[in-house]
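Geometric and topological summary
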Amino acid sequence: MLKRVHYRSSYLPYLLVAPQIIITILFFIWPAAQALYQSFLLQDAFGLSTEFVWFDNFIELYDNPNYLNSFARTGFFSLAVASLSMGFALFFAALADRVIKGSHTYRTLLIIPYAVAPVLAGTLWLFLFNPTLGIITYFLDTFGIDWNHKLNSAQAMSLVILAAAWKQISYNFLFFIAAMHSIPKSLIEASAIDGAGPLHRFRTIIFPLISPTTFFLLVVNIIYAFFDTFGIIHAITAGGPGNSTEILVYKVYNDGFVGLDLGGSAAQSVILMFIVVVLTVVQFKYVERKVQY
Amino acid sequence: MSDIKIEQLKKSYQSTQVIHGIDIDIRDGEFIVLVGPSGCGKSTLLRMVAGLETISEGTVQIDGAVVNDLEPKDRGIAMVFQNYALYPHMSVYDNMAYGLKLMKLPKAEIEQRVQQVAQLLQIEDFLDRRPSNLSGGQRQRVAMGRAIVRKPKVFLFDEPLSNLDAALRVQMRMQIKTLQRNLGVTTLYVTHDQVEAMTMADRLVVLKDGIAAQIGTPMEIYDDPHNQFVAGFIGSPAMNFIDCEVTEDHIVIGEQRISRPPHVNMRGKLVLGIRPEHFIEENTSALEGEIEMIEKLGASILLYVSCKNVSQAIVIQCEGHLNVNIGDTKNISFDSHKLYFFDPSTQQRVY
Ligand SMILES: Nc1ncnc2c1ncn2[C@@H]1O[C@H](COP(=O)(O)OP(=O)(O)O)[C@@H](O)[C@H]1O
Ligand SMILES: [Mg+2]
């Protein structure tokens, strides 16, 4: 039972939540409302005339193959980022769970990428894979692979996926390791007595028991790939070559601030907003249900 | 079926030693209870036998073979944990079948074994349920079932009843004991509850700070404790310890004296031990004290009697309908053949 605390004065609680409310209104509600409003407008590139067009911007998006392609691309991108980074994180966490000596160092090292800003992460990978100077490019060359993500769209896509996934490994790792730690040690011991080796134990005991965390991370990672990878893509490929790495959030920026189609761009961002709302609701529903065995 | 031989077993964590060389010989089919206060090393000892904890020094033999370096699964043991350690995401059936599947037994045999054990433990109605949908007692039985289906050579129990309420604990204690006798499997059972220890054990190992203070049958340990710790730990309510001085003619307790029974042939400052149930209603060679507190247990009644210049109240167990009040003066008489004497410096029993 939660205990209710009663304040005698009625304004104190409002005062306490005011900063949070103001920030939310200023940086979330207000821009979101603006975007929603913008999405119904058609404006010429110089901002001289504005016309209220109802759902025209949305209908146009629906008919635009470029946009639909970007949609599919984003789906592929986020699934690839989520599975790659979660896969690695799970692997590292499973190993870290068994490490006894130096586990502290090992964990610290794994958590560092989380502190790197997205643009820096992008730049870092850009250096490694620079077509002329990059060290990894050099090694790939010795294996006969010609790396140039500025020309090759498949390579460009792989690179942004790699960079985006790399940055998210730390976050996933933390959650996985916490989930593994919360499994009672006696369960692992019981399975050892029952004769399960480490792999079998992982597959039949550990993995099923951390599945709530896995689901949570899946949603978080998809949201991450949808929205927070802007900086990485901007630094590495800027959406190119062609439109091959232009995911939805990047297209919002491109169409709005480069192409100056503010109405269309706003419509896109409204759709993105809708997607994130749905994902969040799904997640909350699930978290609320609290998987209990 | 098999015997266990534990020789000079030691365990250290980094620099701290927690088990200081323990020897136990366990015969085939015996029910051995490791009992001692919390933190004395019971679980550690058990887990070394299970193979869940490495052995620092000494050997554990099961069936004549040293198992020090064997994996838990290769030792032929099954263990019941205090929190039961049931796999929460599996049905009761799958919990019990988990180890059997890993033994690569044919499906029909797994089915048959699980059904048989489920019947034995009266859990056949819950086989499809998840552990979270069972009561504490049912979970306890499932944990037992998971141990039994493996047909182990040795059962290991680590405080399996301490999460149950008192009534269920008494009931399960009998069931486990009966089951063990019927199956005839050698058993090591850890508990901190001396009543559980007394009622279940064929033989007890009383542990204190990583040392086996005494090993013997419950009655041997009750009648003949080797030191003050064992005397105080085994028996309920606990034995009274009273500082005294034995002189040529008397035993001096506080400011009073009683005549020395002729067979008490020690002299000097000693600790007198007497169990609450060994006082008698008689006025010969009596001490006098004032009743400080009364605990009515129904069948019996416990009197806490304070004597002048004796630091602790003396606990006396009397017949349940005794009519006494707080503040009454009480005559205390001993059965002089049931007195124990301990050396106050070594705590060893001297008489
Ligand atoms: N992993 C460990 N590292 C250091 N000390 C430990 C460890 N496990 C247990 N101990 C110590 O060993 C002693 C015995 O513990 P344990 O066998 O669990 O006691 P019991 O089961 O009798 O309550 C305790 O003093 C405990 O603090
Ligand atoms: Mg313990």
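Heads up: the structure comes first, above all this text.
Since this is a predicted model, take the numbers as computed values, not measurements. (Residues numbered from 1 in each chain as written. Chains lettered and ligands numbered in written order. Predicted model: local features only at pLDDT ≥ 70, side-chain atom pairs only at ≥ 80, totals over all residues. Heavy atoms only, no water.)

Secondary structure assignment for chain B yields eight helices and 20 strands. By principal-axis analysis of the C-alpha atoms, chain B measures approximately 75 × 45 × 35 Å. The proportion of buried residues among the 351 residues of chain B is 50%. Taking as baseline every contact in chain B between residues at least 6 positions apart, the subset at least 24 positions apart corresponds to 65%. Carbon and sulfur atoms make up 47% of the accessible area of chain B, which totals about 16,000 Å². (Helix = DSSP H or I, 4+ residues; strand = E, 2+ residues; numbered from the N terminus. Buried < 20%, exposed > 50% of the residue type's maximum accessible area, 1.4 Å probe, protein only. Contact = heavy atoms within 4.5 Å. Areas by Shrake-Rupley, 256 points an atom, 1.4 Å probe, with all protein chains shown as cover.)

What chain A contains, in helices and strands, is 13 helices and two strands. Reported as C-alpha extents along the three principal axes, the dimensions of chain A are approximately 75 × 75 × 30 Å. Within chain A, the proportion of its 293 residues that are buried is 40%. Put simply, 67% of the contacts in chain A that link residues at least 6 apart link residues at least 24 apart. As presented, chain A carries roughly 17,300 Å² of accessible surface, and 70% of it is formed by carbon and sulfur atoms. Side chains of chain A give 16 positive and 15 negative charges; the mean places of these two sets differ by 22 Å. (Lys, Arg positive; Asp, Glu negative; His and termini not counted. Charge placed at Lys NZ, Arg CZ, Asp CG, Glu CD.)

Right, let's talk about the site of ligand 1 for a bit. All names here are of chain B. Neighbouring ligand 1 are the residues Tyr13, Val18, Ser38, Gly39, Cys40, Gly41, Lys42, Ser43 and Thr44. Within the backbone of Cys40, one N or O atom sits 3.3 Å away from an oxygen atom of ligand 1. Contact between ligand 1 and Lys42: an oxygen atom at 2.9 Å from a main-chain N or O atom of the residue. Protein contacts shield 57% of the accessible area of ligand 1, which totals 560 Å² for the unbound molecule. Here the shell around ligand 1 takes three residues from helix α1 (residues 42-50), the largest share from any one element. In terms of residue class, the shell around ligand 1 is built from three nonpolar, five polar and one charged. (Near = heavy atom within 4 Å. Polar contact = N/O pair within 3.5 Å; in protein donor to acceptor, adjacent residues only side chain to side chain. Nonpolar A, V, L, I, M, F, W, Y, C, P; charged D, E, K, R; others polar.)

The subject of this paragraph is the sheet that holds strand β14 (residues 268-274) of chain B. Residues and elements named next belong to chain B. The strand order across the open sheet built from five strands is β13-β12-β11-β14-β20, with neighbouring strands paired in antiparallel fashion. Here the strands that pair on one side only, and so sit at the sheet edges, are β13 (256-259) and β20 (340-342). Recorded for the sheet is a direction-independent mean angle of 40 degrees between the axes of neighbouring strands. The pairing of strand β11 (residues 240-246) with strand β12 (residues 250-253) spans two bridges and is classified as antiparallel. In the strand pairing of β12, Glu245 is matched with Val252. (Pairing = 2+ DSSP bridges. Axes fitted to C-alpha atoms, helices over the stretch in contact; angles between N-to-C directions.)

Take the pairing of strand β6 (residues 77-80) of chain B next. Residues and elements named next belong to chain B. The side-chain alternation of β6 yields two buried faces, one formed by Ile77 and Met79 and the other by Ala78 and Val80. Summarising the sheet, β6 and strand β7 (residues 154-158) pair through four bridges and their orientation is parallel. When the bridges of β7 are listed, Val80 appears paired with Phe157.

On to the packing of aromatic side chains. With the rule as written, the count across this model stands at 23 aromatic pairs over all chains. An angle of 80 degrees between the planes, with centres 5.1 Å apart, marks the rings of A:Phe230 and A:Tyr253 as edge-to-face. With A:Phe230 in helix α11 (residues 230-236) and A:Tyr253 in helix α12 (residues 248-258), the pair connects residues that are 23 residues apart, well separated along the chain. In this structure A:Phe230 comes out as partly exposed when scored by relative accessible area, which is 24%. Exposure remark for A:Tyr253: the relative accessible area of 27% places this residue in the partly exposed category. Directly above the ring of B:Tyr87 sits B:Arg146, whose terminal nitrogen or CZ lies 4.7 Å from the centroid. Positioned above the aromatic ring of B:Tyr222, the side-chain terminus of B:Arg275 is 4.1 Å from the ring centre. (Phe/Tyr/Trp six-rings, centres within 6.5 Å; stacked < 30°, edge-to-face > 60°. Lys NZ or Arg CZ within 6 Å of the ring centre and 35° of its normal.)

All names here are of chain B. What the five strands build is an open sheet, ordered β15-β19-β16-β17-β18; its pairing is antiparallel. Every other strand in the sheet has two partners, leaving β15 (279-280) and β18 (314-319) as the edge strands with one partner each. Here β15 pairs with strand β19 (residues 329-334) via two bridges, running antiparallel. Note that in β19 the partner of Ile280 across the bridge is Ser333.

Here we come to the interface of chain B and chain A. Every contact between the two is made by 22 residues of chain B and, on the other side, 19 residues of chain A. For the pair chain B and chain A, the summed buried surface comes to about 1,700 Å²; carbon and sulfur atoms form 65% of the total. Of the charged contacts, one joins A:Asp194 and B:Arg150 as a salt bridge, the two residues approaching to 3.5 Å between their closest N and O atoms. Joining chain B to chain A, the criterion identifies eight residue pairs in polar contact (both at pLDDT 80 or more). Taken together, the elements giving at least two residues each to the side of chain B that touches chain A come down to β6 and α2 (92-102) of chain B. (Buried area = accessible area lost by both parts, 1.4 Å probe. Salt bridge = Lys/Arg side-chain N within 4 Å of Asp/Glu carboxyl O.)

This paragraph deals with the environment of B:Thr329. Residue and element names in this part refer to chain B. Following the sequence through the fold, Thr329 ends up in strand β19. Residue Thr329 is classed as exposed on the basis of its relative accessible area of 58%. C-alpha of Thr329 to C-alpha of Val264: the two residues are 65 residues apart in sequence and 28 Å apart in space. Those residues in contact with Thr329 that sit more than four places away from it in its chain are Glu288 and Gly289.

The subject of this paragraph is a nonpolar patch on the surface. Residue and element names in this part refer to chain A. A cluster of nonpolar side chains, Leu16, Val17, Ile21, Ile22, Ile23, Ile25, Leu26, Phe27, Phe28, Ile29 and Trp30, forms an exposed patch at the surface whose accessible area comes to about 1,200 Å². Take Ile21: it is sitting in helix α1 (residues 11-38). Judged by relative accessible area, which is 44%, Ile21 ranks as partly exposed. (Patch = residues over 30% accessible without salt bridge, like charges linked within 9 Å, V, L, I, M, F, W, Y side chains within 5 Å.)

A word on the packing of helix α7 (residues 153-181) of chain A against helix α10 (residues 211-228) of chain A. For any two helices packed against each other, the geometry comes down to the angle between their axes and how far apart the axes lie. All names here are of chain A. Running from N to C, α7 and α10 point in directions that differ by 160 degrees, and their axes come no closer than 11 Å. In terms of orientation, α7 lies roughly antiparallel with respect to α10. Here α7 and α10 pass one another in a crossing that is right-handed. Contacts between α7 and α10 pair Ala164, Lys167, Gln168, Tyr171, Asn172, Phe175, Phe176 and Ala179 from the former with Thr213, Thr214, Phe216, Leu217, Val220, Asn221 and Tyr224 from the latter. (Parallel < 35°, antiparallel > 145°, perpendicular 65-115°, else oblique. Left-handed = near helix turned anticlockwise from the far one by under 90°.)

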